[in-house]
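# Observations on the model geometry
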Amino acid sequence: EEDRGEVMAAVRRGIETANAEEDEAEQAIRLSCLARLLGEFDGPDVADALIEILDSEHPDVRLEAGEQLQGLAFDRFKEVAQATERALAKMGTGSNALVELPLLLSEVPEGGVVRLLGQFLAHRDGDVVAAAIEALVEVGDPAVVAMLEDLVDDTRVSALEGMEDEEVTVGDLASDAIQILQPDD
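The structure contained in this document is the topic of the report that follows. (Residues numbered from 1 in each chain as written. Predicted model: local features only at pLDDT ≥ 70, side-chain atom pairs only at ≥ 80, totals over all residues. Heavy atoms only, no water.)

### Observations regarding the overall build of the protein
- Check the secondary structure of the protein and you find 10 helices and 2 strands.
- Here the C-alpha atoms of the protein give a radius of gyration of 17 Å, agreeing with the 16 Å that 2.2 N^0.38 yields for 185 residues.
- Its C-alpha atoms put the protein at 55 × 35 × 20 Å along the principal axes.
- Relative to its full complement of 185 residues, the protein shows a buried share of 47%.
- A separation of at least 24 residues holds for 64% of the contacts in the protein among residues at least 6 apart in sequence. (Helix = DSSP H or I, 4+ residues; strand = E, 2+ residues; numbered from the N terminus. Rg over C-alpha atoms; globule rule 2.2 N^0.38 Å. Buried < 20%, exposed > 50% of the residue type's maximum accessible area, 1.4 Å probe, protein only. Contact = heavy atoms within 4.5 Å.)

Dropping the structure here:
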């Protein structure tokens, strides 16, 4: 346990050092390696560190951190769920991690995923809410329609990947999601 604590302290320092690195390629390599290393451990601190790395500007880094975090979520969902809740509480608008987490979580076969994704719907960042709506559609549970109905009049605009050429409001996304989840109504 003492060795693990030392390793995690070194990983934390490594993340800080990597994030301060001015050479973007070097930063991406370091963060990817740290994410891969974290994939060998488990625990709440590991989930927190992977979410911190998931917030990177580098798509390759986010992919590696996401894969490791998802693997952890399959084995230890509660730890990842709690780390996600902590991230939701502390990360603001423009967070890459909060945009990545919903789809990543939607692929984990756990009963608590829908409730956790529902918490993203209350975030102030329209892109985070849009990602959560997309993830809830992926889960495909019609029970989430009640959560989405509260967003139908939301005028925030989302600029998620694939939608840059057109302005899409959170309300439009919520309405589309309701139609997908309740096609007979």
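### Considering the side chain of Glu64
- Summarising the element assignment, Glu64 is placed in helix 4 (residues 59–75).
- You can call Glu64 buried: its relative accessible area is 14%.
- In this structure Glu64 touches Ser32, Ala35 and Arg36, once residues within four positions along its chain are discounted.

### Observations concerning the side chain of His58
- Relative to the helices and strands, His58 is located in the loop between helix 3 (44–54) and helix 4.
- With relative accessibility at 12%, the residue His58 sits in the buried group.
- A distance of 2.7 Å separates a polar atom in the side chain of His58 from a polar atom in the side chain of Gln27.
- Ignoring any residue separated from it by four or fewer positions in sequence, one finds His58 in contact with Glu24, Gln27 and Ala28. (Polar contact = N/O pair within 3.5 Å; in protein donor to acceptor, adjacent residues only side chain to side chain.)

### With respect to the nonpolar core
- Counting 60 residues, the largest nonpolar core has Ile53, Leu69, Leu105, Phe120, Ile133 and Leu148 as its most contacted members.
- With 8 residues, the single largest contributor to this core is helix 8 (residues 126–139).
- With near-sequence residues (within four places) excluded, Leu148 lies in contact with Leu121, Ile133, Leu136, Ala174, Ala177, Ile178 and Leu181. (Core = buried A, V, L, I, M, F, W, Y, C linked by side-chain atoms within 4.5 Å.)

### Describing the environment of Glu52
- By the secondary structure assignment, Glu52 is in helix 3.
- Separated by 39 residues in the primary sequence, Glu52 and Met91 place their C-alpha atoms 9.7 Å from one another.
- Dropping the residues within four chain positions of it, Glu52 is found in contact with Arg12, Ile15 and Asn19.

### Quick word on the packing of helix 1 (residues 2–20) against helix 2 (residues 24–38)
- With their axes 9 Å apart at the nearest point, helix 1 and helix 2 run at an angle of 160° to one another. Classified by the interaxial angle, the pair formed by helix 1 and helix 2 is roughly antiparallel. Both helix 1 and helix 2 take part in a crossing whose hand is left-handed. The segment helix 1 lies against helix 2, with Met8, Val11, Gly14, Ile15, Thr17, Ala18 and Asn19 engaging Gln27, Arg30, Leu31, Leu34, Leu37 and Leu38.
- For the contact of helix 1 with helix 2, the per-class residue count stands at 8 nonpolar, 4 polar and 1 charged. (Axes fitted to C-alpha atoms, helices over the stretch in contact; angles between N-to-C directions. Parallel < 35°, antiparallel > 145°, perpendicular 65-115°, else oblique. Left-handed = near helix turned anticlockwise from the far one by under 90°. Nonpolar A, V, L, I, M, F, W, Y, C, P; charged D, E, K, R; others polar.)

### Focus on the pattern of salt bridges
- Using the criterion set out here, one finds 11 salt bridges in the structure.
- For Arg4, the salt bridge identified is with Asp45, shortest N-O distance 2.8 Å. Within this pair, whereas Arg4 is found in helix 1, its partner Asp45 is found in helix 3, the two being separated by 41 residues in sequence.
- Its relative accessible area of 26% is what places Asp45 among the partly exposed residues.
- The partner of Arg12 in a salt bridge is Glu52, with the nearest N and O atoms 2.4 Å apart. Taken together, the residues Arg12 in helix 1 and Glu52 in helix 3 connect sequence positions 40 residues apart.
- For Glu52, a relative accessible area of 30% puts it in the partly exposed group.
- Connected through salt bridges with shared partners, the residues Glu21, Glu26 and Arg30 form a single ionic network. (Salt bridge = Lys/Arg side-chain N within 4 Å of Asp/Glu carboxyl O.)

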